[in-house]
Amino acid sequence: MSETTLERSLRRGVAVLLVPLSGATTLPEFVEAALPGISNVLGAALFVAAVAYLVVSVGGQVVSAADTPL
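Figured I'd write up the structure that's included with this text. Residue indices follow the written sequence of each chain, beginning from 1 at its first position. Two thresholds apply to this predicted model, a pLDDT of at least 70 for residue-level local features and 80 or more for giving and counting side-chain atom pairs, whereas whole-chain, interface and lining totals are computed over all residues. Hydrogens are left out, water is left out, and the side-chain values use all remaining heavy atoms of the structure.

Take the overall build of the protein next. When you go through the protein residue by residue, the secondary structure sums to 2 helices and 0 strands. Each residue is placed in one exposure class: buried if its accessible area under a 1.4 Å probe, protein chains only, is under 20% of its type's maximum, exposed if it is over 50%, and partly exposed if it falls in between. Here the protein holds 70 residues, and 13% of them are scored as buried. Whether two residues touch is decided by their heavy atoms; if any such pair falls within 4.5 Å, the residues are in contact. Residue pairs in contact within the protein that sit at least 24 positions apart in sequence constitute 64% of those at least 6 positions apart. The method behind every accessible area is Shrake-Rupley, applied with a 1.4 Å probe, and residues are considered shielded solely by the protein chains displayed. Approximately 5200 Å² of the protein is accessible, and the part contributed by carbon and sulfur atoms is 74%. Secondary structure elements follow DSSP: runs of H or I of four or more residues count as helices, runs of E of two or more count as strands, with numbering from the N terminus.

Tracing the backbone shows Ser57 in helix α2 (residues 38–67). With relative accessibility at 11%, the residue Ser57 sits in the buried group. Each residue touching Ser57, except ones within four places of it in the same chain, is listed here: Arg8 and Arg12.

A few words now on α2. Taking 1.5 Å per residue as the helical rise, α2 with its 30 residues ought to reach 44 Å, and the 43 Å between its terminal C-alpha atoms agrees with that figure. Those residues of α2 lying buried are Ser39, Gly43, Ala50 and Ser57. Here, expected helix span is obtained from the residue count minus one, scaled by 1.5 Å.

For Arg12, the position within the fold is in helix α1 (residues 3–24). In this structure, Arg12 is in contact with Tyr53, Leu54, Ser57, Val58 and Gln61, ignoring residues within four places of it in sequence.

Another aspect to go through is the environment of Val58. By the secondary structure assignment, Val58 is in helix α2. As for Val58 and Arg12, which are separated by 46 residues in sequence, their C-alpha atoms are 9.2 Å apart.

By the secondary structure assignment, Leu46 is in helix α2. Overall, Leu46 belongs to the partly exposed group, its relative accessible area being 23%.

With that out of the way, let us pick up a nonpolar patch on the surface. Patches in this entry comprise residues that are over 30% relatively accessible and not in a salt bridge; like charges within 9 Å are linked, as are nonpolar side chains (Val, Leu, Ile, Met, Phe, Trp, Tyr) within 5 Å. Criterion for a salt bridge: a side-chain nitrogen of Lys or Arg within 4 Å of a carboxyl oxygen of Asp or Glu. A contiguous nonpolar patch, built from Phe47, Val48, Val51 and Val55 and spanning about 340 Å² of accessible area, is present on the exposed surface. In this fold, Val55 is placed in helix α2.

If you want it as structure tokens, here you go:
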């Protein structure tokens, strides 16, 4: 596996793990924030970042695969 493929796989794995974890951070049992609502903002930011990365990453791979001839 090439270095870029390994790095991309690692980043995608982290993003896939962040999707359920971002929902868990909005639960008060997991994160007790000193500021009210900070866990909701953190959870939403993690979720949006992970989903956006996955969409862009997979979309870029689909576009590059579409350009290659059969």
